[in-house]
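What the coordinates show
As a plain string of letters, each chain reads:
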Amino acid sequence: MDSLDHLRIEDTPDFEYVVQQALHFPEIRDAVRGAGTAKAPVSVEQLRSMALRARAEIAATAADEYRDYLKQRTAVAGQEPAPAADATASGPDAGGLLGALGVLVPTLAAVAAAAFLLLGYGLRLTGTQEHLADGLVTAGWTTAVIAVVAAVVSIGALLLTAVRQRPAQEEDGEPPEEPETEVSRSRRVWQQALLERGVLPFLHSALRETRR
């Protein structure tokens, strides 16, 4: 930890976020607007700059929580979890194969049916090789039926796959919540302590000083 600042550089965005959050509190906004007076004693940007300059002083008010946050973060960073085997690794590949077959089979069957029917009816129009023409027409309509059935089955299979892969949490229309870890909990506790014991008291004090 930087002994001059009591706050690591990578945690500066968190500090600035807490300051910004405090500046949106109603009592701070009312005080900045002057609470009905003609002129506000200080602007929001001036308050923000003052709080950032006093970062070391403010951060010290939540030193215990920050120390716990760093401890949790360091412990997690020191762990190298082994890559877990993905039980659904074949899922996307299998789904892609089924999707490709679902498009390819009906398409090829439809093309074949069209070719058979064109040749068959063409031979019938010419009046030659009637036996071959009848066979081609029969094969064409049979292939057309196969194409339709294959298309229906493919669409049904794709819809069923999509329904099965939908996360259970999406049934109520809300995104799944990420489970809170020790690191995220300690970070939240530190930010709350920083807000309540550090930033808000500093802003109130700064506002009082500007009114003198």
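Provided above is the structure to which this section pertains.
Residues numbered from 1 in each chain as written. Predicted model: local features only at pLDDT ≥ 70, side-chain atom pairs only at ≥ 80, totals over all residues. Heavy atoms only, no water.

**Here we look at the packing of aromatic side chains**
Two numbers describe a pair of aromatic rings. These are the distance of the centres and the angle of the planes. The full count for this structure, using the stated rule, is three aromatic pairs. Taking the centre distance of 4.9 Å and the plane angle of 40° together, the rings of Tyr-66 and Trp-190 count as tilted. Taken together, the residues span a long stretch of sequence, with Tyr-66 in helix 5 (residues 63-77) and Trp-190 in helix 8 (residues 182-211) at a distance of 124 residues. Here Tyr-66 matches Trp-190 in class, with each residue buried. Plain terms: the ring middles of Tyr-69 and Trp-190 are 5.6 Å apart, the flat faces sit at 15° to each other, and that makes the pair stacked. A residue pair is termed long-range when its members are at least 10 positions apart, and Tyr-69 in helix 5 and Trp-190 in helix 8 qualify at 121 residues. Given a relative accessible area of 0%, Trp-190 falls into the buried group. Three or more aromatic residues joined by ring pairs make a cluster, and in this case those are Tyr-66, Tyr-69 and Trp-190. (Phe/Tyr/Trp six-rings, centres within 6.5 Å; stacked < 30°, edge-to-face > 60°. Helix = DSSP H or I, 4+ residues; strand = E, 2+ residues; numbered from the N terminus. Buried < 20%, exposed > 50% of the residue type's maximum accessible area, 1.4 Å probe, protein only.)

**Considerations on the packing of helix 3 (residues 44-53) against helix 8**
Axes are the key here: two packed helices are described by the angle between their axes and the distance separating the axes. With their axes 10 Å apart at the nearest point, helix 3 and helix 8 run at an angle of 120° to one another. If you check the angle between helix 3 and helix 8, you find them oblique. Helix-helix and strand crossings are classified by hand; for helix 3 and helix 8 the assignment is right-handed. Across the interface between the two elements, Leu-47, Met-50 and Ala-51 of helix 3 pack against Phe-202, Leu-203, Ala-206 and Leu-207 of helix 8. Within the contact of helix 3 with helix 8, the residues separate by chemical class into seven nonpolar, no polar and no charged. (Axes fitted to C-alpha atoms, helices over the stretch in contact; angles between N-to-C directions. Parallel < 35°, antiparallel > 145°, perpendicular 65-115°, else oblique. Left-handed = near helix turned anticlockwise from the far one by under 90°. Contact = heavy atoms within 4.5 Å. Nonpolar A, V, L, I, M, F, W, Y, C, P; charged D, E, K, R; others polar.)

**A look at helix 1 (residues 12-23)**
If you check helix 1, its first and last C-alpha atoms are 17 Å apart, about what 12 residues at 1.5 Å a residue would give, namely 16 Å. When helix 1 is considered as a whole, its buried residues turn out to be Thr-12, Asp-14, Phe-15, Val-18, Val-19, Ala-22 and Leu-23. If you follow the buried residues of helix 1, they end up packed against helix 2 (26-32), helix 3, helix 4 (55-59), helix 5 and helix 8. (Expected span 1.5 Å × (residues − 1).)

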